[in-house]
Every structure is written in C-alpha cells, then in structure tokens.
Amino acid sequence: MILAGFLVLMAWSYVGTEFSLRGLLGGESAVQILTYAKKLFPPDLSTDFLLKAGYWTIETFAMSFLGTILAVLIAFSLVFLSSRNLMFTGLLFEMERHRPWVRALRTALYLSAKAVLNLLRTVPHLVWALILVFAVGLGPFPGMLALGIHTGGVLGRLFGEVMENVETQPIEALQAAGASRLQILFYGILPQVLPEFVAYTLYRWEVNIREAVILGYVGAGGLGQQIQIAISLFLEHRLLTLILAIYLIVTVVDSLSAYLRSRLV
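Residues numbered from 1 in each chain as written. Predicted model: local features only at pLDDT ≥ 70, side-chain atom pairs only at ≥ 80, totals over all residues. Heavy atoms only, no water.

**Q** I'd like a rundown of the overall build of the protein, residues and numbers included.
**A** In terms of helices and strands, the protein carries 13 helices and zero strands. The secondary structure elements of the protein, listed N-terminal to C-terminal, are α-α-α-α-α-α-α-α-α-α-α-α-α. Scaling as 2.2 N^0.38, a compact globule of 265 residues should have a C-alpha radius of gyration of about 18 Å, whereas the protein reaches 24 Å, well beyond that. For the protein, the spread of C-alpha atoms along the principal axes amounts to about 75 × 50 × 40 Å. Taken over 265 residues, the protein has a buried fraction of 38%. Contacts in the protein between residues far apart in sequence, at least 24 positions, make up 75% of those at least 6 positions apart. Working note: accessible area of the protein is about 15700 Å², and carbon and sulfur atoms make up 70% of it. For the protein, the distance from the average position of its 18 positive side-chain charges to the average position of its 16 negative side-chain charges is 5 Å. (Helix = DSSP H or I, 4+ residues; strand = E, 2+ residues; numbered from the N terminus. Rg over C-alpha atoms; globule rule 2.2 N^0.38 Å. Buried < 20%, exposed > 50% of the residue type's maximum accessible area, 1.4 Å probe, protein only. Contact = heavy atoms within 4.5 Å. Areas by Shrake-Rupley, 256 points an atom, 1.4 Å probe, with all protein chains shown as cover. Lys, Arg positive; Asp, Glu negative; His and termini not counted. Charge placed at Lys NZ, Arg CZ, Asp CG, Glu CD.)

**Q** Any details on the environment of Ser83? Residues and values, ideally.
**A** Its place among the elements puts Ser83 in the loop between α4 (47-79) and α5 (84-87). For the pair Ser83 and Thr241, spaced 158 residues apart in the sequence, the C-alpha separation amounts to 46 Å. For Ser83, the side chain forms a polar contact with the main-chain oxygen of Val79, separated by 2.7 Å. (Polar contact = N/O pair within 3.5 Å; in protein donor to acceptor, adjacent residues only side chain to side chain.)

**Q** Quick one: what's the story with the packing of helix α12 (residues 222-232) against helix α13 (residues 236-264), residue by residue and with numbers?
**A** Contact geometry of α12 with α13 gives a least axis separation of 9 Å together with a crossing angle of 155°. The orientation of α12 with respect to α13, classified from their angle, is roughly antiparallel. The handedness of the crossing between α12 and α13 is left-handed. On the side of α12, the interface is formed by Leu223, Gln226, Ile227, Ala230 and Ile231, while α13 contributes Leu239, Leu242, Ala245 and Ile246. Residue composition of the contact of α12 with α13, grouped by class: eight nonpolar, one polar and no charged. (Axes fitted to C-alpha atoms, helices over the stretch in contact; angles between N-to-C directions. Parallel < 35°, antiparallel > 145°, perpendicular 65-115°, else oblique. Left-handed = near helix turned anticlockwise from the far one by under 90°. Nonpolar A, V, L, I, M, F, W, Y, C, P; charged D, E, K, R; others polar.)

This is how it looks when you write it as structure tokens:
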C-alpha cells in the first residue's frame, strides 16, 4: 500500500509539474542550450576580472562563515529551552516535586522557544534577505544576517533532537552520585551532544556557501550578485568565470568541512 501510494504521488507530481524530457532535451530546446553553452567559452581570465572575482569569492565565503557562526549562537541560546528533557520531563525531573506554576512556567518557556525556532526556519532565507536589505541596505551584511537567522532555526531544531535523544545511563550515574543539574548538563549531556552539534554545524556551513550565492540575487553582494549582472548584460565569458569561482569555493569548503568532521567528531 505504501509503494502504491508512492507511485500514485509520483505520477500525480509528474503530471502537475508538466515534466517533459522531450521539451527539455529535444528539438529547439537542445539547440538553444548548446548555443548558449558555446557562448560561455572561453572564460574571462583577464587579470583585472580575476582579482575582482577573487574579492567577490572572499565576500561570499565571509558571508557564509559569519552567518553560520551567528546561527550557532542563536541555536545554542534556544536549544536548552526547547528540549523537553531539560525543561520539564525526563530523569532530571522525575524524582523532584514541582509546584504547578513552576511546571507551567517551564512549559511556557519551552513552547516559546519552539515557536521562535519554527518561525526562524519557516521563513526562507531569501525572504529574510529581502526584509533585511530594506532594513540595513544592500551588501553582504543583510545576506549574513539572513543566513544566520534562517540557519539558526534549522540548527536549533537539529540540536534539540540530539539533546532529547541522549543516553540516560550517564545521567542516572551522575544523579545517583549526587551531582547537581548543572553538573549533569556539563558532564553527562554536553559530551554526548557536542560531536553531533559540530557535525551538523559543518554540514550547514556547506549549505550556506551555496545559499550565500543565491542571496546575491536580492542584493546581498558576493558572487551571486555578479552572476545576476553578468546574465542581465549578456556577459557570458564572465559568467563562466564566476561559475568556476563558485565551483572552487564549494569544493574547498566541502573538503575542509569533511576534514574537520573527521578530526573533531
């Protein structure tokens, strides 16, 4: 039944999106694609433009890097409030008697933190960028903020799931030894969750490199903005150079992220 439902959904999506390989690769479409691809070569490798492309590449890198750091700060500040086992359920609270108003307050804080994280990740990064461009002006600054805000919501959700699925044996041992709740957090919970926190953060940094390019289309600077200009002005040779710069920075960040994960996790 699940397989049949999946096939029905796939067929419905195929019809709904008007997917057509013939329309994409056949006839006039294939000719237009090949014609445009030929216009891209050779790439613009002039010294002046390469220096500019290098600057835009660094700008894109900085946008993604600082945006990811801001996202970690947002997620880390809300993850403790948005985790059930740290707020009102689990081993930390089963052996304690709480007054009803204390439990109500903890529940309210939990629901508020969850709502904030939902809002941050529900609004797409492009929408955040458009709002922030109007607020603080054009350039990489609104792009960095948009990446940080949206990714903060995503990481907060991922961090919260990791926090709620920790092994209970270390917590039981520390609790039996008379450790305080803060000591249990530092010695029983954080050592379990930090490796996964690092892995998720590095993965989202890889994603933010690509999203930083997209944000350039709404005035957030970097390589994306220059690609929009090159397409608008039919500067195909420069467009290929910028695409190669994106490929280079994505490859470098992916390799660096994989190396750091292997060393830290």
